[in-house]
Amino acid sequence: MLWRFADIRLVRYLLASIGALAVDVGAFLALLALGVWAPGASAIGYCLGIAAHWLMSSRAVFVGHVAEKGAARIRQKALFVGSAMIGLGLTTAIVWAGDTSGLDPRLAKLVAIAASFAVTWLLRSRVVFR
C-alpha cells in the first residue's frame, strides 16, 4: 500500500515537473532567441519554473505534507527554495560547461534537466515534504 502511494506521488511529481519544465524551457528558449547569454537564460527560466513547481507541488503532489501556517510553513518553504537553489546551481553549471565547451546550449539544458530532476526529487521527497 505504501509503495502504491509513493508511485502515485512520483507520477504527480513528474506531471508537476513537466508543467514547471514547460515554463522553464519556454522562458529559456525565448531568452536565447533574444540573444541572452545561455547560462543566464537558463537561470532565469529555472527560477520561473521554481515558482510554478512550488505551486503545483504544494497543491497537488505533496498534499497532506504541506506544513500549516507559521514557522513550520516558513521552514518548509525555505527548504523548498534551498532544494531549488541546488537545482539552479546544478542546471546553470551544466549549461555553462556545455556552452563553454562549444556544445549547443539546448543540449546542455537537456542534460541539466535530467540531473536537476533527480536531485530535487530526492531532496523534496525525503527532506522538504517528509
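The following paragraphs examine the structure supplied in this document. Keep in mind it's a predicted model, so treat the numbers as computed, not measured.

### A closer look at the pattern of salt bridges
Right, on to step 1. Applying the stated rule across the entire model yields two salt bridges.
Right, on to step 2. For the salt bridge of K109 with D24, the shortest nitrogen-to-oxygen distance reads 2.8 Å. Of this pair, K109 sits in helix α4 (residues 105-128) while D24 is found in helix α1 (residues 2-33), placing the two residues 85 residues apart along the sequence. D24 carries the same exposure label as K109, and that label is buried.
Right, on to step 3. Here D104 makes a salt bridge to R106, at a shortest N to O gap of 2.7 Å.
Right, on to step 4. A relative accessible area of 31% places D104 in the partly exposed class.
Right, on to step 5. Here R106 falls in the partly exposed class, since its relative accessible area comes to 49%.

### With respect to helix α3 (residues 71-100)
Right, on to step 1. Spanning 30 residues, α3 covers 42 Å between terminal C-alpha atoms, matching the ideal 44 Å at 1.5 Å per step.
Right, on to step 2. By the burial criterion, the buried members of α3 are Q76, F80, S83, A84, G87, L88, T91, V95 and G98.
Right, on to step 3. At its buried positions, α3 is contacted by α2 (38-61) and α4.
Right, on to step 4. Taken from the residues just after α3, G102 is the one with a positive phi, measuring 90 degrees.

### Examining the packing of aromatic side chains
Right, on to step 1. Within the structure shown, the criterion is met by three aromatic pairs.
Right, on to step 2. Geometrically, the ring pair formed by W54 and F80 is edge-to-face, given 4.9 Å between the ring centres and 75 degrees between the ring planes. One end of the pair, W54, is in helix α2; the other, F80, is in helix α3, with 26 residues separating them in the sequence. Exposure class is identical for W54 and F80. Each is buried.
Right, on to step 3. Directly above the aromatic system of F28 lies the positively charged group of K109, at a separation of 5.2 Å from the ring centroid.
Right, on to step 4. Over the ring of F80 we find R124, and its NZ or CZ is 4.1 Å from the ring centre.

### Concerning the nonpolar core
Right, on to step 1. If you look at the biggest cluster of nonpolar residues, it comprises 15 residues, and the most contacted ones within it are Y13, I50, V61, F62, F80 and F129.
Right, on to step 2. Put simply, the parts of the chain that give this core at least two residues each are α1, α2, α3 and α4.
Right, on to step 3. A total of five residues in this core trace back to one element, the largest contributor, which is α2.
Right, on to step 4. What F62 contacts, discounting residues up to four positions off in sequence, is R9, Y13, S57, W121, R124, S125 and F129.

### Looking at the environment of L79
Right, on to step 1. Within the secondary structure, L79 sits in helix α3.
Right, on to step 2. The exposure class of L79 is partly exposed, given its relative accessible area of 26%.
Right, on to step 3. Remark: the alpha-carbon pair of L79 and I18, spanning 61 residues in sequence, is separated by 21 Å.
Right, on to step 4. With near-sequence residues (within four places) excluded, L79 lies in contact with V127 and V128.

Calculation notes
Residues numbered from 1 in each chain as written. Predicted model: local features only at pLDDT ≥ 70, side-chain atom pairs only at ≥ 80, totals over all residues. Heavy atoms only, no water. Salt bridge = Lys/Arg side-chain N within 4 Å of Asp/Glu carboxyl O. Helix = DSSP H or I, 4+ residues; strand = E, 2+ residues; numbered from the N terminus. Buried < 20%, exposed > 50% of the residue type's maximum accessible area, 1.4 Å probe, protein only. Expected span 1.5 Å × (residues − 1). Contact = heavy atoms within 4.5 Å. Phe/Tyr/Trp six-rings, centres within 6.5 Å; stacked < 30°, edge-to-face > 60°. Lys NZ or Arg CZ within 6 Å of the ring centre and 35° of its normal. Core = buried A, V, L, I, M, F, W, Y, C linked by side-chain atoms within 4.5 Å.

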